[in-house]
Amino acid sequence: QYITAMNNDILSIPIVPQLTILHSDSATVYLSSESKKVLSKYGIITAASTPYHPTSNSVAERGWRSVFDLARTLLSEATKLSGFINNDFWPQAIQHATLIINLTNPSHGSSNKSAFEIITSKSPTIILSKLLPFGCPGVMKIESGRSKLEPKGTEVIVVGYSLISQSYLVFN
């Protein structure tokens, strides 16, 4: 289902080439006979890097390092800002870091465009203008269950963005 959705939604855009090779580490999830069967159905072949040799997969390793370095920095700064953001928010920091990198870092090639620009043909400026710093304080509106004299909002910490709607993920 995922591959079908990916091929229909993303890869049908003329500027994105059809997925033909899935290069990964030697993880069994990608090299299992079931995975190979599904991938071959769509004409996708698998290629694996040498186990325990990150130099054979250097582009991916550098990408992960960039994401983890940025996430580590986001967590550190959020801890200073809020006082109670800790390593329990590591997944949200990774998601936030990935979003920032996909919106800002130029992809490989001569286009000098971010991944977001290549896939959508839109500038990320509008989205970037709405990004809030990871771990910043905010106020969430209380919709129901309050009396007339109770506060209309509660203080929260912004820890990310929803993947299914245009909303913030907050911690109370």
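The structure this text deals with has already been given above.
On a predicted model such as this, the values are computed, not experimentally measured, just so you know. Each chain carries its own residue numbering, running from 1 in the written order of its sequence. Per-residue local features are limited, in this predicted model, to residues with pLDDT of at least 70; the limit for side-chain atom pairs, both in listing and counting, is 80 or more; totals at the level of whole chains, interfaces and linings are taken over all residues. The side-chain figures draw on all heavy atoms in the structure; neither hydrogens nor water molecules are used.

A word on the overall build of the protein chain
Moving on, step 1. Secondary structure elements follow DSSP: runs of H or I no shorter than four residues count as helices, runs of E no shorter than two count as strands, and numbering proceeds from the N terminus. Tallying secondary structure elements over the protein chain gives 7 helices and 5 strands in all.
Moving on, step 2. Along the protein chain, helices (α) and strands (β) appear in the sequence α-β-α-α-β-α-α-α-α-β-β-β when read from the amino end.
Moving on, step 3. Burial statistics for the protein chain: of 172 residues in total, 22% are counted as buried.
Moving on, step 4. Considering only contacts in the protein chain between residues 6 or more positions apart, those separated by 24 or more positions represent 44%.
Moving on, step 5. We get accessible surface area from the Shrake-Rupley algorithm with a probe of 1.4 Å; when it comes to residues, only the shown protein chains can shield them. Summed over its atoms, the accessible surface of the protein chain is roughly 12,300 Å², and 59% of this surface lies on carbon and sulfur atoms. The buried label applies to any residue whose accessible area, calculated with a 1.4 Å probe on protein chains only, is under 20% of its type's maximum; exposed applies above 50%, and partly exposed to all values in between. Whether two residues are in contact is decided by their heavy atoms: any pair within 4.5 Å suffices.

Comments concerning the packing of helix 4 (residues 58–82) against helix 5 (residues 90–104)
Moving on, step 1. To obtain each axis, a line is fitted to C-alpha atoms, and for helices this fit is confined to the stretch in contact; angles are then taken between N-to-C directions over 0 to 180 degrees. Viewed as axis vectors pointing N to C, helix 4 and helix 5 meet at an angle of 120°, and their least axial separation amounts to 8 Å. With respect to their mutual orientation, helix 4 and helix 5 come out oblique. Between helix 4 and helix 5 the crossing geometry is right-handed. Across from S66, V67, F68, L70, A71, R72, L74 and L75 in helix 4, the residues of helix 5 making contact are W90, A93, I94, H96, A97, T98, I100 and I101.
Moving on, step 2. When residues are grouped by polarity, Ala, Val, Leu, Ile, Met, Phe, Trp, Tyr, Cys and Pro land in nonpolar, Asp, Glu, Lys and Arg in charged, and all others, Gly among them, in polar. Considering only residue class, the contact of helix 4 with helix 5 consists of 12 nonpolar, 3 polar and 1 charged. For classification purposes, angles smaller than 35 degrees are called roughly parallel, those larger than 145 roughly antiparallel, those between 65 and 115 roughly perpendicular, and all remaining angles oblique. Less than a right angle of anticlockwise turn of the near helix away from the far helix marks a crossing as left-handed, whereas a clockwise turn marks it as right-handed.

So, the sheet that holds strand 5 (residues 168–171)
Moving on, step 1. By the convention used here, strands pair only if DSSP detects at least 2 bridges between them. Pairing in this open sheet of 3 strands is antiparallel, and the strands run 3-4-5 from one edge to the other. Two strands lie at the open edges of the sheet, namely strand 3 (137–141) and strand 5, each paired on one side alone. The mean angle between the axes of side-by-side strands here comes to 60°, regardless of whether they run parallel or antiparallel.
Moving on, step 2. Strands in contact with helix 5 are strand 4 (153–161) and strand 5; relative to strand 4, the strand with the most contacts, it is inclined by about 60°.

Digging into the packing of aromatic side chains
Moving on, step 1. Aromatic pairs are defined between Phe, Tyr and Trp rings, using the six-membered ring for Trp, whenever the two ring centres lie within 6.5 Å; interplanar angles under 30 degrees are classed as stacked, those over 60 as edge-to-face, and all others as tilted. As enumerated under the stated definition, the model contains 4 aromatic pairs in all.
Moving on, step 2. Here the aromatic rings of Y161 and Y168 are separated by 5.4 Å at their centres, their planes lie at 55°, and the arrangement is tilted.
Moving on, step 3. On the accessibility criterion, Y161 (13% relative accessible area) is buried.
Moving on, step 4. Following the ring pairs from residue to residue traces out a cluster consisting of W64, F68 and W90.

Things to note about the pattern of salt bridges
Moving on, step 1. Just to be clear on terms, a salt bridge is a Lys or Arg side-chain nitrogen sitting within 4 Å of an Asp or Glu carboxyl oxygen. If you walk through the whole model with that rule in mind, you get 3 salt bridges.
Moving on, step 2. Its salt-bridge partner being R72, residue D69 comes within 2.9 Å of it at the nearest N-O pair. One end of the pair, D69, and the other, R72, are both in helix 4, 3 residues apart, so they sit about a helical turn from each other.
Moving on, step 3. A relative accessible area of 46% means that R72 is categorised as partly exposed.

Observations concerning helix 5
Moving on, step 1. Compared with the 21 Å implied by 1.5 Å per residue over 15 residues, the 21 Å span of helix 5 between its first and last C-alpha is a close match.
Moving on, step 2. Turning to helix 5, its buried residues are A93, I94, H96, A97, I101 and L103.
Moving on, step 3. On its buried side, helix 5 packs onto helix 4, helix 6 (115–120), helix 7 (125–130) and strand 4. Take the residue count of a helix, subtract one, and multiply by 1.5 Å to get its expected span.

With respect to the nonpolar core
Moving on, step 1. Take the buried Ala, Val, Leu, Ile, Met, Phe, Trp, Tyr and Cys residues and link them wherever side-chain atoms come within 4.5 Å; each set so joined is a nonpolar core. Grouped together as the largest cluster of nonpolar side chains are 14 residues, with contacts concentrated most on L75, I85, F89, F134 and V159.
Moving on, step 2. Every element with two or more residues in this core is listed here: helix 4, helix 5 and strand 4.
Moving on, step 3. Leave out the neighbours within four places in its chain, and F134 touches L74, L75, A78, I85, F89, Q92, A93, H96, V158 and V159.

Shape is all these values report; function is a separate question.
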